[in-house]
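# Structural overview
As a plain string of letters, each chain reads:
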Amino acid sequence: EVSKASFFGKANYSFDNRYLLDVTARAHGSSKFAPGHRWGTFPSAAIAWNIQNENFFKKIRSANTFTNLKLRASYGLIGNENVDPYLWQENVNDWGWTMRVPNPEFSWEKQKQWNIGLDLGAFNNRLSLTAEVYKKHSYDLIYDRFPVPPLTGSSSLESAVNIGSVENKGWEISAQWSEKKGDFSYTIGGMLF
């Protein structure tokens, strides 16, 4: 049986619908991990600047060309517990032989991520463009069955561990055109990455 608990807090702030701030904090606990490592805290924050609401942008917007322009950025930490329960514990088979070595440090897999994006709308938002750069760094990767070196006298012993990291980074650009004529409407879009 797996026991879980979560706590969640969120705060939003908007100044004149121009400057936006969103802060979130999550705390998750899971009995899948070793005692002392069952809780993980995962904060995130996002900020945005609605440029289209600035006075200097109104002249451009009144020309019916650019109708939306937002610059945004975010950062967050998330956790992964997608493993079987009891992997951190010793496992003994029916004959009393140890099949898995306990790991008192077994904990959450984590991922840090940040991105910066620009959203643009034009021609009464019939055209929308989004450009974004991002970076993801996953670490303390979970390997639920990791062979222990045969120095222990048995090559069949296993242990659940947090080991290694992976990094992904890149950019994306997407565009979409939407049109409506009476009862007929269509949308065309594409993406580069």
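Residues numbered from 1 in each chain as written. Predicted model: local features only at pLDDT ≥ 70, side-chain atom pairs only at ≥ 80, totals over all residues. Heavy atoms only, no water.

Looking now at the overall build of the chain. A tally of helices and strands in the chain yields 1 helix and 12 strands. Long-range pairs, those at least 24 residues apart, make up 59% of the contacts in the chain with a sequence separation of at least 6. Within the structure as shown, the chain displays about 12600 Å² of accessible surface, and the carbon and sulfur contribution to it stands at 58%. (Helix = DSSP H or I, 4+ residues; strand = E, 2+ residues; numbered from the N terminus. Contact = heavy atoms within 4.5 Å. Areas by Shrake-Rupley, 256 points an atom, 1.4 Å probe, with all protein chains shown as cover.)

A few words now on the pairing of strand β2 (residues 19-30). Note that strand β1 (residues 4-15) and β2 share 12 bridges and pair antiparallel. Bridging from a neighbouring strand, Phe15 pairs with Tyr19 of β2. Counting the residues that bridge the hairpin from β1 to β2 gives 3 residues, and of these Asp16 lies at a positive phi of roughly 55°. Bridge count between β2 and strand β3 (residues 39-50): 11 bridges; the pairing is antiparallel. Residue pairing for β3: Gly29 is matched across the bridge by Trp39. (Pairing = 2+ DSSP bridges.)

Another point: the packing of aromatic side chains. Counting across every chain of the model gives 7 aromatic pairs. Ring geometry for Phe42 versus Trp108: centroids 5.4 Å apart, planes at 65°, classification edge-to-face. Taken as a pair, Phe42 in strand β3 and Trp108 in the loop between β6 (98-100) and β7 (109-122) lie far apart in primary sequence, 66 residues in all. Trp108 shares its class with Phe42; the two are buried. (Phe/Tyr/Trp six-rings, centres within 6.5 Å; stacked < 30°, edge-to-face > 60°. Buried < 20%, exposed > 50% of the residue type's maximum accessible area, 1.4 Å probe, protein only.)

For the rest of this paragraph, the subject is the pairing of β3. Relative to strand β4 (residues 66-80), β3 is paired through 7 bridges, and the arrangement is antiparallel. Of the residues in β4, the one forming a bridge with Ala45 is Tyr75.

With that out of the way, let us pick up unusual backbone geometry. Backbone geometry places Asn17, a non-glycine residue, at a positive phi of 55°. Secondary-structure assignment places Asn17 in the loop between β1 and β2. In this structure, Asp140 is a non-glycine residue whose phi angle is positive, near 50°. You can see Asp140 is positioned in the loop between β8 (127-139) and β9 (142-147). Given the relative accessible area of 29%, Asp140 is considered partly exposed.

We now examine a nonpolar patch on the surface. Residues Leu71, Tyr75, Trp114, Ile116, Leu118, Val133, Trp171, Ile173 and Leu192 make up a contiguous nonpolar surface patch of about 820 Å² in total accessible area. Residue assignment for the nonpolar patch shows that the elements contributing at least two residues are β4, β7 and β11 (165-181). Tallying contributions element by element places β7 first for the nonpolar patch, with 3 residues. (Patch = residues over 30% accessible without salt bridge, like charges linked within 9 Å, V, L, I, M, F, W, Y side chains within 5 Å. Salt bridge = Lys/Arg side-chain N within 4 Å of Asp/Glu carboxyl O.)

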